[in-house]
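Residues per chain, in single letters:
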Amino acid sequence: MAKPLESGRRMLFGSARGAIPRARGGRGGGARRLWDPNNPEQKPALAPAGRQSLPQAVYPQAVYPQAVYPQAAYAQLHFLDTDDEVAGSPPVAPAAAYYKFQKSDNPYCCQPAAANQRCPFPYQVANGAYAPAHLYRGYAQTDGTLTVEEAERRARGELGRMLRAADAQEVQLSNLLSRDRLSTDGLERMAQLRAELLAVYERVVLSDIELADSQSVDQALWKNVFYQVIERFRQLLKDAAEPLAIREALLALLNEGAHFFETLLQKLQTVYQFKLEDYMDGMAVRTRPLCKTVKYALISAQRCFICQGDIARYREQASDSANYGKARSWYLKAQQIAPKNGRPYNQLALLAVYTKRKLDAVYYYMRSLAASNPILTARESLMSLFEEAKRKTEQLERRRRQDQQDGGSWGPAVRGRAGLEDGARSELWLRPGGRGDSEQDGELSGLSGGDLNRRFTLSFLHAHGKLFTKVGMESFPRVLRRVVQEFRALLQHRPSLLGSTQLLQIVTINMFTIHNALTRGGGEEEGGGGGECRSMLQEQSTALGLAMFALLVQRCTQMLTDTPAASTSDVEREDNEDEPEAPLRVSDFPADLWELLPSIKVWSDWMLGHPDQWNPPPRGIDDSPDVWQCLACLCNVLARVDHGEVPLYKVDTDEVEGDEELMLLQLKEDRLLAGFIPLLAAPQEPCYVDRRTDTPSCVPRLQAIAADCKRVTVLKYFLEALCGQEEPLLAFKGGKYVSVAPAPPSPDARAGRDSLSDKEVDDVIVESSPSASEGEEDYKENADQEAGGGDGESDIRQLKARHHALTNKLVQQQKRRQKIQAVLQTSGRLQLEVRPLFLVPDTNGFIDHLAALKKLLCCGSYIVVVPLIVITELDGLAKGQEVLGGGGHVVVAAHAHGVQEKARQAVLFLEQAFEAREPRLRALTSRGTQLESIAFRSEDTSGQQGNNDDVILSCCLHYCQDKGKDFMPDQRNGVTVRLHREVVLLTDDRNLRVKALTRNVPVRDIPAFLNWAKVG
């Protein structure tokens, strides 16, 4: 019978079981806390005390051929952190575990065989050479003359002799497999050696699990008996002319291995008396210490799972299939047993590489590195993935620049010039009544959901590749801005493109990058090795993580704000008139918010565990929201969320295992990221929910709501911790939470540009001065004149002339550098704020995109302005005349009929629209006069300078009220000049686009603008 509530378990929030606390929202929640965020308890597993490794036994280690065993071998495993492991394992002593199973309850104990009797092979092999055995040969009973310690010592000595004898068999097996061809006798000898090795290895594992772990018997079992044989058969299958027989032999070998490891798992559970399902919860730190034999047995079981996954992977490859679902399930089971071992993550990364899931591959390789038992070869695999991401990004950039130069359409981005993001001119586009879009955002809005997700994944991996390799960091700020813009576009997309698992992978990669920057030796050299200063690599890694976290928080706040509160009746509304706002229930959260909360909670856990990594706050990123302001807004919104909808309980005693009324609440993200080193310092304490319910079908739904209640509670504690810092980052002022974080120093926009490389100097064109050429001519003339003089005097004169010419050349180079420096110092940044209202199409727009212009006119958001010169050209084309277009191209005769028909349709549409007094359609003369009718549309343009393109451009300039030169200050050192535009020129003509750009007139092609405006 469970203890009373007062002495046994207590509610995490509130004072009575099942009651909702009176204080809804606020800063603290209920009376009990999950943990104190300002002073989190230090768990024994988090103590910095080093872990003592088990000393190796006296028996020599097996010598393996280098060609057969790669470096990716199983290292000594770190398993579940418990009290006995933290205190340090005692020296290896002969275990007496097998004495527990020498009675009738030990299924693997049998009477000792005769001296000449061979230990039977426990499995039936395909060639029938070995008979199956149902009983395993165990240790004999003591006769009473030996003490327990002596019997243990003798038993371990016998196992040691067996392992030493197996060394010679391993060498024989390796020699057989190294031959070019395998004869029938060789195959039989190989099968015999494998059977003998299997018997030895299995006996050691089931008799003395601690000795088996210290001698890596599980590793030797897989490598010697299965791995090298499988690899040999795979090589023969690749080189064979008739691979059918070899494939059948390989599949038979794989089936044998699968059967062996499946049976070995059952034997481990029976011999060491445990159940695997009790430990498949993915917990890296357990509240109760494990029995040492069970701990080693679980390690062996995890290796069995990994071997099962490898066998399933080999089976799919041998069958020419790519369905690695079964192999993935085995690796995930291995990860759940011991999350702090890096081997399962490395194998999952291999599957991700096979299936071309790059983000998953990077995530799993980073998990294998950020483990207590890391797989160091994952670093080279990450380098290869990042190199591939860099190559694809560069190809994409080159293709985009080429498309821009060739007039290709990349959405509403400006075409016809490259390097748009690095130039001194930028554009900010705002939809009518909507938010602003930069040119990059406008380009992203034209992509489909799948293309946008792939673009972000590539940019995200490219940015982390720079942080991981520290190569190409000069372009990291630009790559960082692109990642932030693409991530914002992904979060705003409907339906949501990012699931909870992908978001968790993203924040995990960000955490690993910060952890990697902290642990690398380069950070200490730069002053970031744990001192008061952070290295530049740490600063940039943290800035990336906080910028993406700010976007997540901003999106979460927006969805919480848009979610209506719980509806109340009229009577309740009258009784609660004093309450400002009804509480928001967790069960009312939208589905998209369920995807965001796990990643936000995980990053909050990391910030609670590593305050030195982000406080003081790093320098922010351009075009990203302020993370502290976003957190203040989230804190204000969470104040009205009722996190006590499902009561959560905390158990102070050890009787929870016998309490059938409570059930452990384990969050998905905690289980997925168990054993991740950057999160081990995060405060964690188990909490429980009520198991009893009237409708069992509602249990999953209640668990989901309870999980969100815990996440909201963790976020409230995290936000309270921000208020309780030594230098608070949030504060409660004026009835709401505000950000009081110190403003980081603004970066110098022109830093690093004072010195120019030779390539940059060559790219700048400066007018040449005549003095340089004159000096060279003087040198040549003097050389010619003195050619017939004496040798000595001639040489002196030549040297003097050359000295004079070189001096003049040096002076000219210095003047050139000074001019270049002056240009760079006085060049300000020009930004156009474009809010399209007036659209000015050219003649080609009516010919090629008449339907699109009709859609823009019918949407009611824009005014289409038609220059009279365009109508005149359309009239000429409709009559079949050859009219010179803006680009100077004559209409080809082959297309004359089609162009004539399209021109007639355009003229007819304009005449009908003007006759109907269409309010969104206007005609404009070259002098800026608006016409309500086009009945009289002939205009004398003889006095106008330039061609028809210049006349169309002059019509656009009538809507440009401000000019750039009027806003240029005297000292333009990095000053940004902002111009406002309400007119957009719609044209496909490259020459006209170039002219528009020089006059600061926004220009787009009609399909790109239609896509950006989301019309049609």
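Scroll up a little and you will see the structure.
Please read these numbers as outputs of a predicted model, since none were measured by experiment. (Residues numbered from 1 in each chain as written. Predicted model: local features only at pLDDT ≥ 70, side-chain atom pairs only at ≥ 80, totals over all residues. Heavy atoms only, no water.)

Some remarks on the side chain of Gln613
Keep this limit in mind: Helix and strand definitions here come from DSSP, where helices need a minimum of 4 consecutive H or I residues and strands a minimum of 2 consecutive E residues; each element is numbered from the N-terminal end. In this analysis, two residues are considered to be in contact whenever any of their non-hydrogen atoms come within 4.5 Å of each other.
Assignment of secondary structure puts Gln613 in the loop between helix H19 (591-609) and helix H20 (627-638). Setting aside residues up to four positions removed in sequence, Gln613 forms contacts with Ile514, Leu518, Arg534, Gln538, Thr542 and Trp606.

Section: the environment of Ala913
Here is the rule: Here's how the labels work: a residue is buried when its accessible area is under 20% of the maximum for its type, exposed when over 50%, partly exposed in between, all with a 1.4 Å probe on protein chains only.
Of note, Ala913 is situated in helix H29 (residues 896-915). Residue Ala913 is classed as buried on the basis of its relative accessible area, which comes to 9%. As a C-alpha pair, Ala913 and Ser933 span 20 residues in sequence and 9.6 Å in three-dimensional space. Among residues more than four places away in sequence, those in contact with Ala913 are Glu918 and Leu921.

A look at the pattern of salt bridges
The line we're drawing: Salt bridge, as used here: a side-chain nitrogen of Lys or Arg that lies within 4 Å of a carboxyl oxygen of Asp or Glu.
Within this structure, the stated rule accounts for 21 salt bridges. Salt bridges linked by common partners bring Asp213, Asp218 and Arg303 together as one network.

Some remarks on the packing of aromatic side chains
Stated precisely, the cut-off is as follows: Each aromatic pair joins two rings of Phe, Tyr and Trp (for Trp, the six-membered one) with centres within 6.5 Å, and gets the label stacked for planes under 30 degrees apart, edge-to-face for over 60, and tilted for any other angle.
The tally for this structure, following the rule as stated, stands at 22 aromatic pairs. Plain terms: the ring middles of Trp222 and Phe226 are 6.3 Å apart, the flat faces sit at 25° to each other, and that makes the pair stacked. With a gap of four residues between them, Trp222 and Phe226 both fall in helix H5 (residues 217-239), about one helical turn apart. Judged by its relative accessible area of 2%, Trp222 is buried. What makes Phe226 buried here is its relative accessible area of 0%. Through a chain of ring-to-ring contacts, three or more aromatic side chains come together here, namely Trp222, Phe226, Tyr227, Phe260 and Phe261.

A closer look at helix H9 (residues 343-354)
For clarity, the threshold we go by: For a helix, the expected span equals 1.5 Å multiplied by the residue count minus one.
Taking 1.5 Å per residue as the helical rise, H9 with its twelve residues ought to reach 16 Å, and the 17 Å between its terminal C-alpha atoms agrees with that figure. Counting buried positions along H9 yields nine of twelve residues, so the element is predominantly enclosed. Along H9, the residues classified as buried are Arg343, Pro344, Tyr345, Asn346, Gln347, Leu348, Ala349, Leu351 and Ala352. Trailing H9 by a residue or two, Lys356 shows a phi angle of about 60°, which is positive.

Some points on the packing of helix H13 (residues 449-469) against helix H14 (residues 476-492)
As a reminder of what qualifies: To get an axis, a line is fitted to the C-alpha atoms, and for a helix only the part in contact is used. The angle between two axes follows their N-to-C directions and goes from 0 to 180 degrees. The crossing is said to be left-handed when, going from far helix to near helix, the turn is anticlockwise and less than a right angle, and right-handed when the turn is clockwise.
Contact geometry of H13 with H14 gives a least axis separation of 9 Å together with a crossing angle of 145°. Helix-helix and strand crossings are classified by hand; for H13 and H14 the assignment is left-handed. Here H13 contributes Leu452, Asn453, Arg455, Phe456, Ser459, Phe460, His462, Ala463, Lys466 and Leu467 to the contact with H14, which in turn contributes Phe476, Val479, Arg482, Val483, Glu486, Phe487, Ala489 and Leu490.

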